[in-house]
Amino acid sequence: MLYYSTSRQSPSVNFKEATIHGQAPDKGLYFPEHIPALPPSFFEEFATMSREEIAYTVIRPYTGDTIPDAELKRIVSETVNFPFPLVQVEDNVYALELYHGPTLAFKDVGARFMSRCLGYFVKDIRKKVTVLVATSGDTGGAVASGFYDVDGVDVIILYPSGKVSSIQELQLTTLGKNITALEVDGSFDDCQDLVKKAFTDDELAQHLFLTSANSINVARWLPQQFYYFFAYQQWKDKEHAPVVCVPSGNFGNICAGLLASHSGLPVKHFIAACNANNIITSYLQTGAYAAKKSVATLSNAMDVGNPSNFVRILEIFDQQFSSLKNRLSSYSVSDLETIESLIQLYRKHGYLADPHGAVAFHAVHQYLKQYPGDKAIVLETAHPVKFYDVVEPMIHEKVPIPGAIKGLLLQKKISIKMDADYAVFKNLLLSRE
Ligand SMILES: *Cc1c(COP(=O)(O)O)cnc(C)c1O
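What counts, and at which threshold
- Residues numbered from 1 in each chain as written.
- Predicted model: local features only at pLDDT ≥ 70, side-chain atom pairs only at ≥ 80, totals over all residues.
- Heavy atoms only, no water.
- Phe/Tyr/Trp six-rings, centres within 6.5 Å; stacked < 30°, edge-to-face > 60°.
- Helix = DSSP H or I, 4+ residues; strand = E, 2+ residues; numbered from the N terminus.
- Buried < 20%, exposed > 50% of the residue type's maximum accessible area, 1.4 Å probe, protein only.
- Lys NZ or Arg CZ within 6 Å of the ring centre and 35° of its normal.
- Near = heavy atom within 4 Å.
- Polar contact = N/O pair within 3.5 Å; in protein donor to acceptor, adjacent residues only side chain to side chain.
- Areas by Shrake-Rupley, 256 points an atom, 1.4 Å probe, with all protein chains shown as cover.
- Nonpolar A, V, L, I, M, F, W, Y, C, P; charged D, E, K, R; others polar.
- Pairing = 2+ DSSP bridges.
- Axes fitted to C-alpha atoms, helices over the stretch in contact; angles between N-to-C directions.
- Right-handed = clockwise from strand over helix to strand, strands pointing away.
- Salt bridge = Lys/Arg side-chain N within 4 Å of Asp/Glu carboxyl O.
- Core = buried A, V, L, I, M, F, W, Y, C linked by side-chain atoms within 4.5 Å.
- Contact = heavy atoms within 4.5 Å.

J.: Help me understand the packing of aromatic side chains, please; the structure alone is not making it clear to me.
T.: For any pair of aromatic rings, geometry is given as the distance between the ring centres together with the angle between the planes. If you walk through the whole model with that rule in mind, you get 26 aromatic pairs. Their ring planes at 50 degrees and their centres at 4.9 Å tell us that Phe-84 and Phe-230 sit as a pair that is tilted. Of this pair, Phe-84 sits in the loop between α4 (69–79) and β3 (86–90) while Phe-230 sits in helix α11 (residues 225–233); the two residues are 146 residues apart in sequence, bridging distant segments of the chain. Measuring from ring centre to ring centre gives 5.3 Å for Tyr-283 and Phe-321, while their planes differ by 85 degrees; the resulting arrangement is edge-to-face. On the criterion of sequence distance, the pair formed by Tyr-283 in helix α13 (residues 279–286) and Phe-321 in helix α15 (residues 321–327) is long-range, its members being 38 residues apart. Judged by relative accessible area, which is 27%, Phe-321 ranks as partly exposed. Members of the aromatic cluster, connected to one another through ring pairs, are Phe-82, Phe-84, Phe-106, Phe-226, Tyr-227, Tyr-228, Phe-230 and Phe-270. Over the aromatic face of Tyr-56 sits the side chain of Lys-73, whose NZ or CZ is 4.9 Å from the ring centroid.

J.: Explanation requested: the site of the ligand in the structure shown.
T.: Residues in close proximity to the ligand total 15 residues, the closest being Lys-107, Gly-249, Asn-250, Phe-251 and Thr-381. The separation between an oxygen atom of the ligand and a polar main-chain atom of Asn-250 is 2.8 Å. For the ligand, the accessible surface in isolation is 380 Å², of which the surrounding protein chains cover 95%. The residue makeup of the shell around the ligand, split by class, is six nonpolar, seven polar and two charged.

J.: How should the sheet that holds strand β7 (residues 179–185) be read in this particular structure?
T.: The pairing of strands in a sheet comes from backbone hydrogen bonds and takes either a parallel or an antiparallel form. If you trace the five strands from one edge of the open sheet to the other, you get β8-β5-β6-β7-β13, paired in parallel fashion. Unpaired on one side and paired on the other, β8 (209–212) and β13 (416–419) mark the two borders of the sheet. Pairs of neighbouring strands in the sheet enclose a mean axial angle of 30 degrees, with direction left out of account. Here six bridges tie strand β6 (residues 153–160) to β7, and the two strands are oriented parallel to one another. Of the residues in β7, the one forming a bridge with Pro-160 is Val-184.

J.: When you look at the pairing of strand β4 (residues 93–97) in this model, what are you seeing that I'm missing?
T.: Consecutive residues of a regular strand have side chains that alternate between opposite faces of the sheet. Counting buried residues along β4, five of its five residues qualify, which places the element largely inside the surrounding structure. Hairpin connection between β3 and β4: a loop of two residues separates the two successive antiparallel strands. Strand direction decides the pairing type here: β4 and strand β12 (residues 376–380), joined by five bridges, are parallel. From the neighbouring strand, Leu-96 faces β12, where its bridge partner is Leu-379.

J.: It is not clear to me how the pairing of strand β10 (residues 269–274) should be interpreted in this structure. Could you clarify?
T.: β10 sits mainly inside the fold: six of its six residues count as buried. What you see with β10 is no split at all: His-269, Ile-271 and Ala-273 on one side and Phe-270, Ala-272 and Cys-274 on the other are buried throughout. Where strand β9 (residues 243–247) lies against β10, five bridges are found, and the strand directions are parallel. The partner of Val-246 across the bridge, within β10, is Ala-272. As a crossover connection, the stretch from β9 through helix α12 (residues 252–262) into β10 is right-handed. Of the strand pairs in this sheet, β10 and strand β11 (residues 328–332) are connected by five bridges, and their pairing is parallel. The partner of Ala-273 across the bridge, within β11, is Tyr-331.

J.: I'm lost on the pattern of salt bridges in this one. Help?
T.: Two side chains bearing opposite charge may form a pair once their charged atoms approach each other closely. For the structure shown, the criterion picks out 16 salt bridges. Arg-74 is paired through a salt bridge with Glu-78; the nearest N and O atoms lie 3.1 Å apart. Here Arg-74 pairs with Glu-78, and both are found in helix α4, just four residues apart, close to one helical turn. Taking the relative accessible area as the measure of exposure, Arg-74 reaches 33% and is therefore partly exposed. Between Lys-413 and Glu-183 there is a salt bridge whose closest N-O contact spans 3.1 Å.

J.: Is there a simple way to explain unusual backbone geometry in this structure?
T.: One can expect most non-glycine residues to show negative phi and most peptide bonds to be in trans. Residue Phe-251 is not a glycine yet carries a positive backbone phi of 65 degrees. The residue Phe-251 is located in the loop between β9 and α12 in this model. Unlike most non-glycine residues, Asp-318 shows phi in positive territory, near 50 degrees. Tracing the backbone through its elements, the reader meets Asp-318 in the loop between α14 (310–316) and α15. Since its relative accessible area comes to 58%, Asp-318 is described here as exposed.

J.: Teacher, can you tell me more about the nonpolar core here?
T.: Of all hydrophobic cores here, the largest spans 96 residues; its most connected members are Phe-15 and Phe-147. Setting aside its immediate chain neighbours within four residues, Phe-15 contacts Met-1, Tyr-3, Tyr-62, Thr-63, Thr-66, Ile-67, Phe-113, Cys-117, Phe-121, Val-218, Ala-219 and Leu-222. Within the second largest apolar cluster, 23 residues are counted, among which are Ala-273, Tyr-331, Val-333 and Val-364.

J.: Help me understand the side chain of Ser-115 in this model?
T.: If you trace the backbone, Ser-115 turns up in helix α5 (residues 107–121). In contact with Ser-115, other than residues within four places in its own chain, are Gly-146, Phe-147 and Val-150.

J.: Hey, could you run me through the sheet that holds β4 in this one?
T.: The strand order across the open sheet built from six strands is β3-β4-β12-β9-β10-β11, with neighbouring strands paired in mixed fashion. One side of each edge strand has no neighbouring strand; the edge strands of this open sheet are β3 and β11. Pairs of neighbouring strands in the sheet enclose a mean axial angle of 25 degrees, with direction left out of account. On the sheet, α13 packs against β10 and β11 and is oriented at approximately 125 degrees with respect to β11. This element, helix α17 (residues 355–370), spans β3, β4, β9, β10, β11 and β12 of the sheet and lies at about 130 degrees to β10.

Below, the structure written as structure tokens:
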């Protein structure tokens, strides 16, 4: 399998090259040259397949000959070694809980898969690979945990001091070993600027092999297809395919779902639930794409003003607006509606969602008003405890801390404090050579 650049100015590359380099030299995103169709035998055996078997079968065509079968099986089984339960919340609405991984975020799957692929690929590069990531919260924790102790890979995470939640900060700063946390005196944008500058610095490139663990990397994007297969395996009413609603920011997750359905997975319709950052909602209404500056909301992992994966969605639909519109709807949900949705779900159904899930539940309710006969699955992308500071005042209760996190609260934060100054950052990187 080869991957071409969506900007079409760079040569096609295999999965290994696409993973190591992340983005194409022409700044396009890598996209598979063809979308594999799943054989009918797959769906005959589907009901009794293990998660590992499903994941392996789905991803195998995408990695081509870059990873031997036994190695890929190991990588995949380490990627999906926690549950993905489908929980009934209302008569016709189910939640697929994607937050049972080590950092309680759905990004765990992409980060675990990518880290292990990269770990395999760097074995024949003589230099150590340094992964740089800027995070506003969730990505950093998933990447830190995913890459922890992976041989030959050093990870440096930049986060804005005082601007991530206390749980998120502990997830970044307590691992040690090959994970280093830089606590930057500045904003998320400052962190991102430092990382971007480092990637274009020729002098650094002579000394270090730098790469990013950014969400556009094919090795983070493609394994997200697994969720949709795991959901369908647990779906009882096989006569009626589910509508699937995804809380969306950079649109990587929902794009993976659209890819899975293109491969043959039965999904009736997709809903992209957006917060006030409603670029795609407007696009689907008007056909005109207008990026905007992002605005801050309660569902902050979705505060994206120019969703980078949208170009991949257009590729799936051959740039045909009308066929895209037939498969995808989008709703924009305000903070006030998010709060109402979260409280209602808890009061009426005893289900505690996080703010991102609450956005998606509100969107699904809008959709079901129009199509009352349908049944839907909402992707619940984070555990509510990660956002306890906004969730607890809404429900006037404490959110119980899951076992996986309890130990974390006792650990000691270790970070390197740094001004948002490129010369300082560069020296620090060079000193690690
Ligand atoms: C990253 C994130 C999203 C958005 O996912 P995209 O793939 O960027 O659309 C939604 N919810 C949570 C909790 C996230 O961390």
